[in-house]
Amino acid sequence: MAAVFAAGVGAGAINSVVGSGTLITFPVLLATGLPPVTATVSNALGLIPGSISGAIGYRKELRGQRGRVLKFGSGALLGGLAGATLLLTLPADAFETIVPVLVGLALLLVAFQPQIGRLVQRRRARTGTSPRRDGGPLLFTGLTLASVYGGYFTAAQGIIYLSLMGMLLDEPLQRLNGVKNVLSAVVNTVAALFFVFAADFEWTAVGLLAVGSGLGGYVGAKVGRHFSPTVLRILVVTVGTVALVQLLLR
């Protein structure tokens, strides 16, 4: 019980700043003897408070982004529901091959976001086009597909969100992080509500994770929102690389 609670605190803090908290909690839940699907479902339910507290902690960075959040949130809701459905219908190893590829690509996009941003700005200057505030249909589609993955497993979904928005939106990384936290909260909540009526879960684990992640999410947001863009990017790439290695070794 102490290990599950501690994992919840750590996952809540990491999710609010970077993402990939599931890679802390999921192995701990498996170590307690829970079956993989039950562990995934319990994890999704338990991390809801952490997602919400992380989003609340970033409320200052979310100012002026209401329309963007509502639009992306609708895609996250549909994607999260689709991913939760896939979890209960597809074989357990269905995403094992594609997940490391997605995470690796997302890490490259985050690491080279400044260079990509400068290339995009030069292209816009040559063509005389201005950036779209919502990133256009390409970003909406990408975030919705990332939400399908998030509803299925959630590991590193925040890094995928940040990479997509960083490439297609002209916004500081901290403001994008605030949006990422809201999208993660939407996906976790809709997937968890689906699981309540359609899957087995372990209430003790859910309760411990909920309390721990709620605390960790708020503390993580308080600390993380003061990081400089460079520090935040380094942290994202570092945590994401550890997550990628763990996924490859599973």
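What you see is a predicted model, and the numbers here were worked out from it, not measured in a lab.

Asker: Could you give an account of the packing of aromatic side chains, naming the residues involved and the relevant values?
Answerer: Taken as a whole and judged by the stated rule, the model has one aromatic pair. Centroid distance Phe201 to Trp203: 4.8 Å. Interplanar angle 85 degrees. Geometry classified as edge-to-face. With a relative accessible area of 59%, Trp203 lands in the exposed category.

Asker: Describe the pattern of salt bridges, and please don't skip the residues or the numbers.
Answerer: The full count for this structure, using the stated rule, is two salt bridges. Among the salt bridges present, the one from Glu171 reaches Arg68, with a minimum N-O distance of 3.1 Å. Taken together, the residues span a long stretch of sequence, with Glu171 in the loop between α9 (157-168) and α10 (173-198) and Arg68 in helix α5 (residues 66-89) at a distance of 103 residues. Taken together, the shared-partner salt bridges connect Arg68, Glu171 and Arg175 into one network.

Asker: Before we move on, could you go through the side chain of Asn177 and cite the residues and values that matter?
Answerer: You can see Asn177 is positioned in helix α10. For Asn177, a relative accessible area of 0% puts it in the buried group. A polar atom in the side chain of Asn177 sits 2.9 Å from the side chain of Tyr58. Beyond its immediate stretch of four places on either side in the chain, Asn177 contacts Ser16, Val17, Tyr58, Leu162 and Leu232.

Asker: Lay out helix α8 (residues 136-152) in plain terms, naming residues and giving numbers.
Answerer: Its 17 residues place the ends of α8 25 Å apart at the C-alpha level, agreeing with the 24 Å of an ideal helix rising 1.5 Å per residue. The element α8 is extensively covered by neighbouring structure, given that twelve of its 17 residues are classed as buried. Trailing α8 by a residue or two, Thr154 shows a phi angle of about 80 degrees, which is positive.

Cut-offs used in this document
- Residues numbered from 1 in each chain as written.
- Predicted model: local features only at pLDDT ≥ 70, side-chain atom pairs only at ≥ 80, totals over all residues.
- Heavy atoms only, no water.
- Phe/Tyr/Trp six-rings, centres within 6.5 Å; stacked < 30°, edge-to-face > 60°.
- Buried < 20%, exposed > 50% of the residue type's maximum accessible area, 1.4 Å probe, protein only.
- Salt bridge = Lys/Arg side-chain N within 4 Å of Asp/Glu carboxyl O.
- Helix = DSSP H or I, 4+ residues; strand = E, 2+ residues; numbered from the N terminus.
- Polar contact = N/O pair within 3.5 Å; in protein donor to acceptor, adjacent residues only side chain to side chain.
- Contact = heavy atoms within 4.5 Å.
- Expected span 1.5 Å × (residues − 1).

Interpretation note: all reported values are geometric properties and have no functional meaning in isolation.
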